[in-house]
Amino acid sequence: SGLVGGEGFILQKLEGDGMVFIHAGGTVIKRELRGERLRIDTGCVVAFTDGINFDIQAVPGLKSMFFGGEGMFLATLQGTGTVWIQSL
């Protein structure tokens, strides 16, 4: 867990057999990554599978930070696996 720019986030690992319900807002998009890198707003991350590395990075450049509309930090998801993101 952690706090980023006033926006809290919690990572929770789910594993095992059975069904799980995950709450998300807006449109949920399933994206398959094959060694690619995806940089999105931290609030848009819903879930990701093993094989995906998750990191939080500061937005480079003051102009992007203040006028980009995404805040000061972006989530970086990289590797091979499935990522679910929300439009919120």
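Residues numbered from 1 in each chain as written. Predicted model: local features only at pLDDT ≥ 70, side-chain atom pairs only at ≥ 80, totals over all residues. Heavy atoms only, no water.

Quick word on the pattern of salt bridges
Defined as follows: A side-chain nitrogen of Lys or Arg and a carboxyl oxygen of Asp or Glu constitute a salt bridge if their distance falls within 4 Å. Using a 1.4 Å probe on the protein chains alone, a residue whose accessible area is under 20% of its type maximum counts as buried, one over 50% counts as exposed, and one in between counts as partly exposed.
On inspection of all chains with the given rule, the structure shows two salt bridges. The residue Lys13 makes a salt bridge to Glu15 at a minimum N-O spacing of 3.9 Å. By relative accessible area, which is 64% here, Lys13 ends up exposed. With relative accessibility at 68%, the residue Glu15 sits in the exposed group. In this structure, the salt-bridge partner of Arg31 is Glu36, at a minimum N-O distance of 3.9 Å. Classification of Arg31 by relative accessible area gives partly exposed; the value is 35%.

Let's talk about the nonpolar core
Threshold: In this description, a nonpolar core means a group of buried Ala, Val, Leu, Ile, Met, Phe, Trp, Tyr and Cys residues linked to one another through side-chain atoms lying within 4.5 Å. The secondary structure listing takes helices from DSSP runs of H or I that are at least 4 residues long and strands from runs of E that are at least 2 residues long, numbered from the N terminus. A contact between two residues is defined here by any heavy atoms of the two lying within 4.5 Å.
Counting 10 residues, the largest nonpolar core consists of Leu33, Leu38, Ile40, Cys44, Val45, Ile52, Ala75, Leu77, Val83 and Ile85. Only β3 (28–41) and β6 (73–86) provide two or more residues apiece to this core. Broken down by element, this core gets its largest block of residues, four residues, from β6. Dropping the residues within four chain positions of it, Ile40 is found in contact with Val45, Leu74, Ala75, Leu77 and Ile85.

A word on the layout of surface pockets
The condition is simple: Here the term cavity refers to a set of points on a 1 Å grid, laid over the protein atoms alone, in which a 1.4 Å probe fits but cannot get out; the term pocket refers to an open set having protein on both sides within 12 Å along at least five of seven lines, with lining residues being those that place an atom within 4 Å of a point. Grid points are joined across faces, edges and corners, and a volume is the space filled by probe spheres set on the points. Basically, the charged four are Asp, Glu, Lys and Arg, the nonpolar ten are Ala, Val, Leu, Ile, Met, Phe, Trp, Tyr, Cys and Pro, and anything else, Gly included, counts as polar.
Volume-wise, the largest pocket comes out at about 990 Å³. For the largest pocket, the lining is made up of 30 residues, of which Gln12, Leu14, Val46, Ala47 and Phe48 are closest to its centre. Breaking the lining of the largest pocket down by element, the ones donating at least two residues are β2 (7–9), β4 (45–48), β5 (52–58) and β6. Residue composition of the lining of the largest pocket, by class: 15 nonpolar, 10 polar and five charged.

What about the environment of Thr42?
Looking at where Thr42 falls in the secondary structure, it is placed in the loop between β3 and β4. In the structure, Thr42 is positioned 30 residues away from Met72 in sequence and 9.9 Å away in space, judged by C-alpha atoms.

Some thoughts on the side chain of Gln86
Defined as follows: Pairing of N or O atoms within 3.5 Å defines a polar contact, subject to two protein rules: one partner must be a possible hydrogen donor and the other a possible acceptor, and residues neighboring in sequence count only if both atoms are side-chain atoms.
Here Gln86 lies in strand β6. Within the local environment of Gln86, its side chain forms a polar contact with the backbone nitrogen of Gly25, the two atoms lying 2.6 Å apart. Separated by 2.8 Å, the side chain of Gln86 and the backbone oxygen of Gly43 make a polar contact. Aside from chain neighbours lying at most four places away, what touches Gln86 is Ala24, Gly25, Thr27, Val28, Gly43, Cys44 and Val46.

Things to note about the confidence of the model for the protein chain
Operational definition: Scored from 0 to 100, pLDDT reflects the predictor's confidence in each residue.
The pLDDT averaged across the protein chain works out to 84; a share of 77% of its residues lies at or above 70. Confidence, read as mean pLDDT per element, is least for strand β1 (residues 2–4) in the protein chain (49) and greatest for β3 (96).

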